[in-house]
Structures are given as structure tokens and as C-alpha cells.
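Close look at the chain arrangement
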Amino acid sequence: MPNFSNQIRASSSLIKRLKQRMTNPAALMQATRSFTTLEGHRPTIVHKRSLDILHDPWFNKGTAFSMTERDRLDIRGLLPPNVMSSEQQIQRFMVDLKRLEVQARDGPSDPNALAKWRILNRLHDRNETMYFKVLIANIEEYAPIVYTPTVGLACQNYSGLFRRPRGMYFSAEDRGEMMSMVYNWPAEQVDMIVVTDGSRILGLGDLGVQGIGIAIGKLDLYVAAAGINPQRVLPVMIDVGTNNEKLLKDPLYLGLQEHRLDGDEYIAVIDEFMEAVFTRWPHVIVQFEDFQSKWAFKLLQRYRNAYRMFNDDVQGTAGVAIAGLLGAVRAQGRPMIDFPKQKIVVAGAGSAGIGVLNAARKTMARMLGNNESAFESAGRQFWVVDAKGLITEERENIDLEALPFARKVEEASRQGLREGASLAEVVREVKPDVLLGLSAVGGLFSKEVLEALKGSTSTRPAIFAMSNPTKNAECTPEEAFSIVGDNIIFASGSPFKDVDLGNGHIGHCNQGNNMYLFPGIGLGTLLSGSRIISDGMLQAAAECLAAYMTEEEVLKGIIYPSTSRIRDITKEVAAAVVKEAIEEDLAEGYREMDARELRKLSQEEIEEYVKNNMWSPDYPTLVYKKD
């Protein structure tokens, strides 16, 4: 008997299924254990009533409870008598938000944005369905609030902003207990976990336990963009201490006030966490988020072939960058297959920078024939600059991850460059098609660097200032367009406004945001039932995003879509991931759609399958049943 998770189809099928369950007591007992909802409009059985329902954000509808539900759930008289529609509720909330965001200012650092974060967070705490209805309807305005850049400000102040718990916290002091702890989470099913150790939150550094805010924000986008059911997501903080001296001395800090674990001790904590969550939820997907470079690659290589997991900073950032780089080729009026001819200067050799380099080299190599010589040839298209300058084979104590991209001394010399050459020197001598910033150093693309890019051999050079949050962007679009010229492609990691170039021309600022990819990667992996997340699946996601824009759009310099289209983008990306998983024979199916049935689906049917499995924020009918 399948586990229906207490979700019962409406009308005639409701009566039919209830009769079937009544004849099978064992199945009825199994059905009452779970309280998560399936996608769609289906009645949901709950095991609580009265104030318990009103205080539960998963089921609370506020003033939208019908009178019959109020009687059924013992809440008649606990709410004002006027039953409101969800549209009326949203209207009332938006009026309140506009009033409160003016009054709830928090000081000089973008106070309006942080006020919005606080107000939205309060709604999230009391009514999840309405929260996601508001977020989806206003995704362009609120994605920068619940995610980057405002989430960075929230993380910095999280100890003071903390009101009620969300997610789970595993600490170094919980060693040996995680396998039992994981059963404290109330949901019987979890599809998506975002986990961080707080060691490198955006470009803000070590924020310790306060980094939980980034995991919460990412999962909000999984729900809003990919339609992952909010009752089946879990934000996780692994607190192994912090090396942030300010937090170590702060009496109000909520995390462990000891220096970070390192070496085998650190690995042991992460190992125990992974074993615990995959023991309870064998089909969960774990996204690693904002781990310092030191561990990001090691943990990815350690787990990626054994668990359904990926690292968004390494692989998601890389995929979005690849999509943008391919879009920049299209914007030059050339086919994407010309990508291996692009000369690319990369500023930054951390986890994001190396992740992009590896993915870009693989993409180029695949276009050149996917053999050893193609791989070598692709590697020669990159010049990597870190805090010490150009990386060549002369570099002492070179990071092993960066070593494949170190320029040979004689190659650099022929180009008029040396070990440690400055970014401006490299740009001046290489004359690149693309200047790609993943450094987390605000203003790194100085006037001197941008002036040097004017010598690019490209008809339309591209500038990618991808570091987050906004203050860490390598340059602003105004600086790029005013110094390099109107005929450039500009992209950034954080949102900027388009630039008015005069004479009716617009300098488009493309936001190369990971939210275009990671929700689709997660959803596609979930719906395919893939055993792992392969390079091919990630590549398919990036190429899908690159091809999403029309020719007319890319020739105008628009290489990334508007976030207002995020659910449609995510559906397309997820479908591409599902298709690739099927082609690589990794798909094992999802629910009633087994691997054999998946293989029969056409492209259109895959997209319809994805669309039908995306949760939408509609209030389900609640039916009480004693536990």
C-alpha cells in the first residue's frame, strides 16, 4: 500500500480513497503519521486544532479560514468574524508593509531593505502559504530582500534579529548524537536541505552560526522558484566554532564561542551530519552553501559520488557564469560554438573562481572534441589573477586547485607578463574578450583596469562583476559603461539598475544570480530521482539558461532573464536536468513515475511533468483527525 502522506484527492476520489483506507487499518495508521502536503489542491489531514493550528505557520490561514473549517478545527471565536480571501489578506499585508517599512528603519546601512526583511520574516513566522504567495507575486522586488544582497545584512545582525527558530543546528558539541537529533525534525519527508558552516557568508567572511540566514534565504527561493513544498525543506547550520574575534567576544552571540575545528575533527563532524540526514531521508538533496574555499572542494569531492549533493558556490556560480559567458558570445553575433576562442581574464581564485574556471574549461573542451588536446587548448584561454597578481608556475605554495590554470613562464613572458603581474597589466597585455570578477573585493575593477579593457580585441567586451553582496562588486555598471564605452556586455552578482546612456539607449545590467540555476538543478534532480548530480546535469542546466534568451534580447546586451520569469526559467532548467539524467542512465524515477516511464516522455511531456510537480501557495482544505 503506498504512503499517501495524508493527502487525499478531492470530490469523488476523496470518498473512494477514504473507504479503501477504512478497510485497511494498517494503511490508515501509516497515513496518519505524515502531515506534509502534496502539490496541488488536495485536502490535508492535520492532527492539531484550536490555537495550535493558528500558531503553526505551515497550516495557519489567519482570517482566511472558512466558517466550516473554524467549526471543524475548533477556532470559531478565536478570529475576527469576517472571512477574507487570500487576495484581501495580501492587500492588507502590503498596506501594512508600506507603512511599517518607513517606521522600522534600522540605521544607515540600507535600512529600508532590512526593515522589509524583518516584516517579511514576521509573515513567514506566522503564515507560510501567504508568505510565499507574496514572495512569488513580487519576486523581482523581494528576491533581493530574502536573498542577496539584504540577506547578508540580516546574517551580520542575526543574533539580534533572532525571534523564533527555523531549521536545525548541529554543533561540534553534538558529536555522537546527530543520528538521533535528526529525528527531532517533525517532517517525515524532506526533499531539500541547504547547509552551511557559516565560514564564508557571501563576501562577508566568517559569520559563524549567524550564517543560517543564507540557508533560509536559499530555501525560500527553492520554494518560490522551483515549487519545492515548504514543508519538505530544511535549513541547516553546522556550528564548528568561529574564527571571527568580534563574535568570540560578543556576549549576545548565539553560537559556540570557540575557534573553528580543523582537519580530521572537522571532517568527522560533516561526515556524521551527512550520514544522519541520508539515513533518515535517503532521497534528500543537500546543497552546500558558503563553505570557505579550504573545504568547499574537498567536501564536494568527498561526497558527490556517494550522495545527492552539490556545492552552489562552486557549481551553481560556475553554471550561471558559463550561461553568461555563452550569452556574451551570442551578444557578439556569434554562435555559442565560438566560445573556445574567447580570451578570459579571471580575478579571484577562491572556490567560486576555481569552480567557474573548471566548468568553463570543460565547456570549451567539449566544444573542441572532448579529448586531451582539447582540454589543454581550452586551458590556454584563461589568465588568473589573485591577491598576489598573475598566477604562473613560478608561484610558491600554489593552491593545488589553481595549479592547472597557472600560466607557463615562457607563455607569460611572450605576452609581456611575469609572475605576480597586476590585474591592470594583465588586461592591458592580454586584451581579453571577457573580464570576470569573482574576487569579493569591491572596486577591484578600478579606472586603470577598465581603461586597459578599452584595448580589448573583442568587438563587444564583457565585464562580469559577480561578487556579492553589492558592496563587494568589482565595479558598478555606471563605471563600466562610462569608462569602457556603450558597446559592452555588463553582468553582476547583485542587482543594479540599468544605465541610461542617452539618446534613448539603455546599458543593460544583467544580474548573474545563482537563483537562475540552483532551484532548477535541485528540482530536476528530485524529479528524475538521479543517484547523483553529474557534471553533465550541471552543464545541461547552464546551456539551457544560456539558450533561454531570444536573439533579439542578446543582441541588445540582455544575457540573463528578468527574475519576474523565475518560475518559467526554473521549469525549463529542471526539465533539461531531468532529460540529461535520463540520457546518462542516472534517473531512478520519482513517486509513481519510475525510470522506465521517464524514458518514454517527450521533451514537452518532461516539461509538463515538471510543471505538475511544482507546489503553488494555495490554502488546502484542512481536515482534523485525532493522532
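The structure reproduced in this document is the subject of the present report. (Residues numbered from 1 in each chain as written. Predicted model: local features only at pLDDT ≥ 70, side-chain atom pairs only at ≥ 80, totals over all residues. Heavy atoms only, no water.)

Regarding its fold elements, the protein presents 28 helices and 18 strands. Expected size for 627 residues packed as a compact globule is a radius of gyration near 25 Å; at 25 Å, the protein falls within 12% of this value. Each of the three principal axes of the protein carries a C-alpha extent, and together these read 80 × 55 × 55 Å. Per-residue burial for the protein yields a buried fraction of 60% across its 627 residues. On the protein, roughly 25600 Å² of surface is accessible, and the fraction owed to carbon and sulfur atoms is 50%. Positive and negative side-chain charges of the protein, numbering 72 and 81 respectively, have mean locations separated by a distance of 6 Å. (Helix = DSSP H or I, 4+ residues; strand = E, 2+ residues; numbered from the N terminus. Rg over C-alpha atoms; globule rule 2.2 N^0.38 Å. Buried < 20%, exposed > 50% of the residue type's maximum accessible area, 1.4 Å probe, protein only. Areas by Shrake-Rupley, 256 points an atom, 1.4 Å probe, with all protein chains shown as cover. Lys, Arg positive; Asp, Glu negative; His and termini not counted. Charge placed at Lys NZ, Arg CZ, Asp CG, Glu CD.)

We now examine the packing of helix H14 (residues 263-280) against helix H15 (residues 293-303). Contact geometry for H14 and H15: axes closest at 12 Å, N-to-C directions at 45°. Considering the angle they form, H14 stands oblique to H15. Like other packed secondary-structure pairs, H14 and H15 cross with a definite hand, here right-handed. Residue-level inspection shows Gly-263, Tyr-266, Ile-267, Ile-270, Asp-271 and Met-274 of H14 in contact with H15, the latter providing Trp-295, Leu-299, Arg-302 and Tyr-303. Of the residues in the contact of H14 with H15, the class split is 7 nonpolar, 1 polar and 2 charged. (Axes fitted to C-alpha atoms, helices over the stretch in contact; angles between N-to-C directions. Parallel < 35°, antiparallel > 145°, perpendicular 65-115°, else oblique. Left-handed = near helix turned anticlockwise from the far one by under 90°. Contact = heavy atoms within 4.5 Å. Nonpolar A, V, L, I, M, F, W, Y, C, P; charged D, E, K, R; others polar.)

Now for the sheet that holds strand S7 (residues 344-347). With mixed pairing, 7 strands are arranged side by side in an open sheet as S9-S8-S7-S10-S11-S12-S15. One side of each edge strand has no neighbouring strand; the edge strands of this open sheet are strand S9 (389-390) and strand S15 (509-511). Both S7 and strand S10 (residues 434-437) contribute to a ladder of 4 bridges, which runs parallel. The partner of Ala-347 across the bridge, within S10, is Gly-437. (Pairing = 2+ DSSP bridges.)

Let us now look at the environment of Met-94. Along the chain, the position of Met-94 falls in helix H5 (residues 86-103). For Met-94, a relative accessible area of 17% corresponds to the buried category. With sequence-adjacent residues up to four places away left out, Met-94 is seen in contact with Val-134, Asn-138 and Tyr-142.

Turning next to the nonpolar core. If you look at the biggest cluster of nonpolar residues, it comprises 172 residues, and the most contacted ones within it are Ile-193, Phe-273, Val-286, Phe-288, Phe-464 and Tyr-560. The dominant element in this core, judged by the number of residues it contributes, is helix H16 (residues 312-331), at 11 residues. Phe-273 has contacts with Phe-170, Met-178, Ile-193, Val-195, Val-236 and Ile-238, leaving out every residue within four places of it along the chain. (Core = buried A, V, L, I, M, F, W, Y, C linked by side-chain atoms within 4.5 Å.)

Take the side chain of Ser-467 next. Take Ser-467: it is sitting in the loop between strand S11 (462-465) and helix H22 (477-484). Within the local environment of Ser-467, its side chain forms a polar contact with the backbone nitrogen of Ala-440, the two atoms lying 2.7 Å apart. Looking at Ser-467, its side chain comes within polar contact range of the side chain of Glu-474, at 2.6 Å. In this structure, Ser-467 is in contact with Gly-437, Leu-438, Ser-439, Ala-440, Val-441, Asn-472, Ala-473 and Glu-474, ignoring residues within four places of it in sequence. (Polar contact = N/O pair within 3.5 Å; in protein donor to acceptor, adjacent residues only side chain to side chain.)

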